[in-house]
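# A look at the structure
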Amino acid sequence: MVRAVLVTHGALGGELVRTAEAILGRQEWVAVVSNEGTSLDGLVETLRAAAGAPGPVVFLVDLLGGSCGHACRALRAERGTDAFVITGVNLPMLLEFFYHRDRVSFAELQERLLHKGRDGVQSLP
């Protein structure tokens with residue numbers, strides 16, 4: 001099963017997972033990491049431990065340009081093709097991940113998350 005590591009500022013990641021689990025039920029193979037109170041090097045080490053053993057992992061990040069994004073890019077480079085990083089994590093994206101992570105290929109999962117995340121942002125008249 002594809003693992004997820006949510007990497008966010010403050011408690012955002014934990015709240016996203018809590019809300020997704022209220023909708024879909026308890027989820028396994030998901031870790032939440034906050035950058036609060038840690039250096040970039042410390043964050044990379046925490047993420048390395050959270051990602052676990054080799055195998056498919058998705059890093060879902062709140063901001064591209066912040067320490068969360070920089071740390072995830074470093075881990076993506078280490079892990080190679082068994083990892084990808086998606087920024088701008090939102091609830092529609094996370095629900096899509098939990099629902100499809102064991103139903104579609106790793107490459108298709110990446111595309112689904114990008115589309116669902118973008119589609120979740122709308123302007124209503």
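Up top is the structure these notes are about.
Now for a look at the structure at hand.

What counts, and at which threshold
- Residues numbered from 1 in each chain as written.
- Predicted model: local features only at pLDDT ≥ 70, side-chain atom pairs only at ≥ 80, totals over all residues.
- Heavy atoms only, no water.
- Core = buried A, V, L, I, M, F, W, Y, C linked by side-chain atoms within 4.5 Å.
- Buried < 20%, exposed > 50% of the residue type's maximum accessible area, 1.4 Å probe, protein only.
- Helix = DSSP H or I, 4+ residues; strand = E, 2+ residues; numbered from the N terminus.
- Contact = heavy atoms within 4.5 Å.
- Salt bridge = Lys/Arg side-chain N within 4 Å of Asp/Glu carboxyl O.

So, about the nonpolar core. Of all hydrophobic cores here, the largest spans 18 residues; its most connected members are Leu6, Val58, Leu60, Leu94, Phe97, Leu109 and Leu113. Of all elements in the fold, only β1 (3-8), α1 (12-24), β3 (57-61), β4 (83-87), α4 (91-100) and α5 (106-119) reach the threshold of two or more residues within this core. Broken down by element, the residue count for this core peaks at four residues, all from α4. Contacts of Leu6, omitting those with residues within four sequence positions, involve Gly13, Leu16, Val17, Val30, Ala31, Val32, Val33, Leu60 and Leu94.

What the rule picks out here adds up to eight salt bridges. Glu78 serves as the salt-bridge partner of Arg48, at 2.3 Å between the closest nitrogen and oxygen. On the criterion of sequence distance, the pair formed by Arg48 in helix α2 (residues 40-51) and Glu78 in helix α3 (residues 67-79) is long-range, its members being 30 residues apart. Of the charged contacts in the structure, one is a salt bridge between Arg112 and Glu108, with a shortest N-O distance of 3.1 Å. Taken together, the positions of Arg112 and Glu108, both in helix α5 and four residues apart, correspond to about one turn of that helix. Exposure remark for Glu108: the relative accessible area of 36% places this residue in the partly exposed category. Each of Glu45, Arg48 and Glu78 takes part in a single network of salt bridges with overlapping partners.

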